[in-house]
Structure formats: structure tokens, C-alpha cells
Amino acid sequence: MSHPYPTPTLHAVNGALALEDVALQDIATRYGTPAYVYSRAALTAAFEAYRQALGGRRSLVCYAVKANSNLGVLSVFARLGAGFDIVSGGELARVIAAGGDAGKVVFSGVGKSRAEMRQALAAGIRCFNVESAAELERLNEVAGDAGRTAPIALRVNPDVDPKTHPYISTGLKSNKFGVAFDDAPALYRRAAQLPHLRIHGVACHIGSQLLDAAPMVEAAQKLLALVDQLAAEGIALDHIDLGGGLGIRYRDETPPAVAEYLAPLLAAFEGRKEELCFEPGRSLVGNAGLLLTRIEYLKPGEEKNFAIVDAAMNDLARPALYDAYHEVVAVHERTLPPQRYEIVGPICESGDFLAHDRSLAVAEGDLLAILSAGAYGMTMSSNYNTRGRAAEVMVDGDRVHLVRERETVENLFAAEQPLP
Ligand SMILES: *Cc1c(COP(=O)(O)O)cnc(C)c1O
């Protein structure tokens, strides 16, 4: 039987939920709500699953920082020896502040500015994943001016067939990411002529919340064919970066275990000498975090009952933005008869909901845990309605670290001024 919760280190003790060895009630009492709560053991287990599946193979797992960029989270991965996939100069600064190794950083994104390129060159990152012909030229120029050589990979779109894999959204010809597969050879030839670039590898990232390895295998095979074609022309690539995208269980999805997901890819790379890189985000952090919130009011209605909680769409945007499903569980067991509730926040928008039609046995003042909130939760939060962002807390065994203080209202307008 699978674990009752998608969060592996969440469990019930005497009718109340605990993450690792810490009762969620104690976290709410100490740090208030809403609060994001992460499990160090769950983060570590998720990373180790990649490492173990990759075995002794020459490889690097670069955590995709945009999924959760809290320094506490980054420091856990840095200590495990992870690399990092960044999409901005800000994320690079975070990685370095958290003790990450710049030499294991890959820089993705379609809009890198000159300043970001300079910053990344000075830090000595491992590789720029270049996403256009224009970026190639600009990077060569910036590197030349800085007296450096920029290591590059081209991010190509393997254009994996959407009919066979309907959920793929970023590996197609028709989106803004990467360069067209058919244009890649000419761009590599161009890169080989540019004096301040050093060709390092090739990259792709075909989509997110993938529940099947098949499209990745198809993409990997296309990349391998490209690598061989380039080698025949004398352009040698030393690393192949397959991006992120492995999905997680939010509700009843059954994503493959990491080892299961990687097995066919490793088979496709059997006997190849290139370093194999991955950029997982969601699968490393998604189920290592939850959003802890308190019920402010219960509001019965003729058609629907509402549980109005102190977290809102500014804290967790995914339900409002993508109609995403997150499991919601009561922190304390009650003997009340369960009722069906809309779980909504205090924000003045009808779209401000966290979950629809959930059966819960709760009373006013009770705590709820919104699960699978470790990825694209806090990083997509905002201050809409002048709401300070939530505290973030890391549980480690029986210890708790506050890894981000709750924002105060003064924080929110400290950089603003009324007219004189
Ligand atoms: C977002 C992103 C990732 C991480 O994707 P997940 O679905 O969270 O694993 C990896 N690489 C790139 C280039 C990305 O944009």
C-alpha cells in the first residue's frame, strides 16, 4: 500500500498530524499561520533517489531553483552536493548565498540580460543553456569584453510529438523556449567559430508534471542523434542535459519512481561517455512541503459551505492559476460529522480558492494542511491585497528552523513613498 499522504514524512500521531517528529500544531503556535513547512528528510530522500538511480554514472543533478528558492531549501541541496539550474541573476545570488557551488550551476532562460551574463561569467558557472541565435552572439560579445570564455550548451526543442504525448508543453516548435531541432547544427557551427564561447553540451526541457518516461526517452534519442551528427563534423559535446519535468502525486496520479523513470534513459545512454544532467524541480521539493493554515470562519450556505482560511491565492496561486488540485487535510481528528467545504481565502476575488468541495470534519479555529505545496508555492506568491508573505519553516527530525520570517506590513511598503 502506498503512503496515505503524498508527503512521505507526514504522519498522524494520536489523532494529530506531525511532519517528521514535529507536531504541526506546535509550528502554528510558535510561528503562526499561514506558514510553509518543509521536511529536510523528504528533500534529502528525493535528491538521494536521483543519486542512487544514477549510480556510478558520470552525472549531475541540478535542482531547478525556481520551484522553491528559499535559502534553507537550497542549503539542504548544496550540502548534498547538488548542482543548480537557474533562470535569473537573482537565483544565482541565492545559490551562492546558500553555499551552493557556482561551478555546478547551469543557466537557463530565454531573456538573459548582459548584466546577468557578466554576473554568471564572474561567478564561474558551469554552463549557459543558450536559447537563441541572438543570445549566442550576445554572450560571445559579453564574454569577450569580460576577458572570459563562456561554456555553452544549446537548448534545443526535440519537438516530441504532442499527439503521442499530449501533456508536453515546452518541447514543441511553437513555443518561445529553445532553438528548433533542425536549426541546431548550423547554430553549433556558428558557436564553434565564436572566439569567446566553448561548446560544452546540449540541453532540452520538454515539459512539467510528466507522468511517463516515454517522451523523455524520445527526446533523449533525438539529442543523441544530434550529438553523433555533430561529432562527425568535428564538434564534440561532453554533456547532455535532459532538463526536469518528472511529475509528482498531488491526488491520484501515479508518477514512476525516480529509478523507474531514469531506467529507460540510462539504457538509452548505455556505453556513452557524455555526462548526463537533469534539472528536476517539482520532483525534489513538491511533496516535501505543505502550507499550514487556520480556519478563520465556517460559513454555511444554501448551495455550498465555505471554510474561510488565513491562507489565500497570494500564498498559493496554483489552484487559482491552473485549477490545480492540492490535498487538504485537517491537522486534528474530530468526531464531528464531516461536511463538504469550499476552501477559500480572504482575498477579494471569486478566484481566491485553495480547494473545491472537500469533505472535512472541522470547526472554526482548526488547522488545515494543504499538501504538495513545496514546489511553485512560495516562489509564486505575491503581496496582493497587501498581505505579507507567509513564514517558511524547515523541520529536521525533532528540530524546527525558521528559514524565512513572516513579512510585516512595514516590509511591504518600505520602498514606497507618498508624494511630498
Ligand atoms: C522549470 C524548469 C525545470 C524544472 O521543471 P520541473 O517540472 O519542476 O521539474 C527544469 N529546467 C528548466 C529549463 C525549467 O524551465
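Residues numbered from 1 in each chain as written. Predicted model: local features only at pLDDT ≥ 70, side-chain atom pairs only at ≥ 80, totals over all residues. Heavy atoms only, no water.

Attention now goes to the domain arrangement of the chain. How big an interface is tends to be stated in terms of accessible area lost as the parts join. Domain parsing of the chain yields domain 1 (10-39 + 286-412) and domain 2 (108-280). If you average the C-alpha positions of domain 1 and of domain 2, the two centres end up 36 Å apart. When domain 1 packs against domain 2, close to 560 Å² is buried across both sides, 48% of that on carbon and sulfur atoms. When the buried surface of domain 1 facing domain 2 is broken down by residue, Asn287, Tyr325 and Ser372 rank first, second and third, together holding 62% of it. The interface formed by domain 1 and domain 2 holds zero salt bridges in total. Along the contact surface separating domain 1 from domain 2 lie one residue pair in polar contact (both at pLDDT 80 or more). A per-class count over the side of domain 1 that touches domain 2 returns one nonpolar, four polar and two charged. (Domains from an automatic or database assignment. Buried area = accessible area lost by both parts, 1.4 Å probe. Salt bridge = Lys/Arg side-chain N within 4 Å of Asp/Glu carboxyl O. Polar contact = N/O pair within 3.5 Å; in protein donor to acceptor, adjacent residues only side chain to side chain. Nonpolar A, V, L, I, M, F, W, Y, C, P; charged D, E, K, R; others polar.)

For an α-helix the count is 3.6 residues per turn, leaving residues at separations of three or four pointing the same way. Taken as a whole, helix 1 (residues 24-31) has its buried residues at Leu24, Ile27, Ala28 and Tyr31. Taken end-on, helix 1 shows its buried residues confined to a sector of 100°, consistent with a single buried face. Helix 1 presents Thr29 and Arg30 as exposed residues on the side facing more than 90 degrees away from its buried surface. Following helix 1 by one or two positions, Gly32 adopts a phi angle in the positive range, close to 80°. (Buried < 20%, exposed > 50% of the residue type's maximum accessible area, 1.4 Å probe, protein only. Helix = DSSP H or I, 4+ residues; strand = E, 2+ residues; numbered from the N terminus. Arc of directions from axis to C-beta.)

Judged by nonpolar contacts, the single largest core of 99 residues is most densely connected at Tyr63, Phe77, Phe128, Tyr188 and Leu242. Lining this core are residues from two domains, each supplying at least three of them: domain 1 (10-39 + 286-412) and domain 2 (108-280). Here Tyr63 is in contact with Asn68, Val73, Leu74, Phe77, Gly83, Phe84, Asp85, Pro280, Gly281, Leu284 and Val285, once residues within four sequence places are set aside. Among the nonpolar cores identified, the runner-up in size contains 20 residues, and Tyr5, Leu17, Leu19 and Leu292 belong to it. (Core = buried A, V, L, I, M, F, W, Y, C linked by side-chain atoms within 4.5 Å. Contact = heavy atoms within 4.5 Å.)

Before going further, it helps to spend a moment on the environment of Pro338. Inspection of the secondary structure puts Pro338 in the loop between strand 16 (328-330) and strand 17 (339-344). Once the C-alpha coordinates of Pro338 and Arg358 are considered, the two residues, 20 residues apart in sequence, prove to be 9.4 Å apart. Setting aside residues up to four positions removed in sequence, Pro338 forms contacts with Ser359, Leu360 and Ala361.

A separate point is the site of the ligand. The local shell around the ligand holds 14 residues, among which Lys66, Ser208, Glu279, Arg282 and Tyr376 are the closest. In the model, an oxygen atom of the ligand is placed 2.8 Å from a nitrogen or oxygen of the Arg282 main chain. Protein coverage of the free-state accessible area of the ligand, which is 390 Å², stands at 93%. (Near = heavy atom within 4 Å. Areas by Shrake-Rupley, 256 points an atom, 1.4 Å probe, with all protein chains shown as cover.)

Looking now at unusual backbone geometry. Cis rather than trans, the peptide bond between Thr33 and Pro34 has omega equal to -5°. Inspection of the secondary structure assignment puts Pro34 in the loop between helix 1 and strand 4 (35-39). The phi torsion at Asn385 lies on the positive side, around 70°, for a residue other than glycine. With respect to the helices and strands, Asn385 occurs in the loop between strand 19 (367-370) and strand 20 (391-396).

A word on the side chain of Ser39. Within the secondary structure, Ser39 is located in strand 4. Setting aside chain neighbours within four positions, we find Ser39 in contact with Thr9, Leu19, Glu20, Ala288, Met394 and Val395.

Below, the discussion takes up the packing of aromatic side chains. Working definition: an aromatic ring pair is given by the centre-to-centre distance plus the angle between the planes. Counted under the stated rule, the structure contains five aromatic pairs. Judged by centre distance (6.3 Å) and plane angle (20°), the ring pair of Tyr36 and Tyr38 falls under stacked. Relative accessible area serves as the criterion here: at 0%, Tyr36 is assigned to the buried category. Taking the relative accessible area as the measure of exposure, Tyr38 reaches 1% and is therefore buried. Measuring from centroid to centroid gives 6.0 Å for Phe47 and Phe77, while their planes differ by 45°, and the two rings are tilted. Of this pair, Phe47 sits in helix 2 (residues 40-54) while Phe77 is found in helix 3 (residues 71-79), placing the two residues 30 residues apart along the sequence. With respect to class, Phe47 is no different from Phe77; both count as buried. Three or more aromatic residues joined by ring pairs make a cluster, and in this case those are Phe47, Tyr63, Phe77 and Phe84. Between Lys112 and the ring centre of Phe107, over which it is positioned, the NZ or CZ distance is 5.5 Å. Sitting above the plane of the Tyr325 ring, Arg358 keeps its charged end 3.8 Å from the centroid. (Phe/Tyr/Trp six-rings, centres within 6.5 Å; stacked < 30°, edge-to-face > 60°. Lys NZ or Arg CZ within 6 Å of the ring centre and 35° of its normal.)

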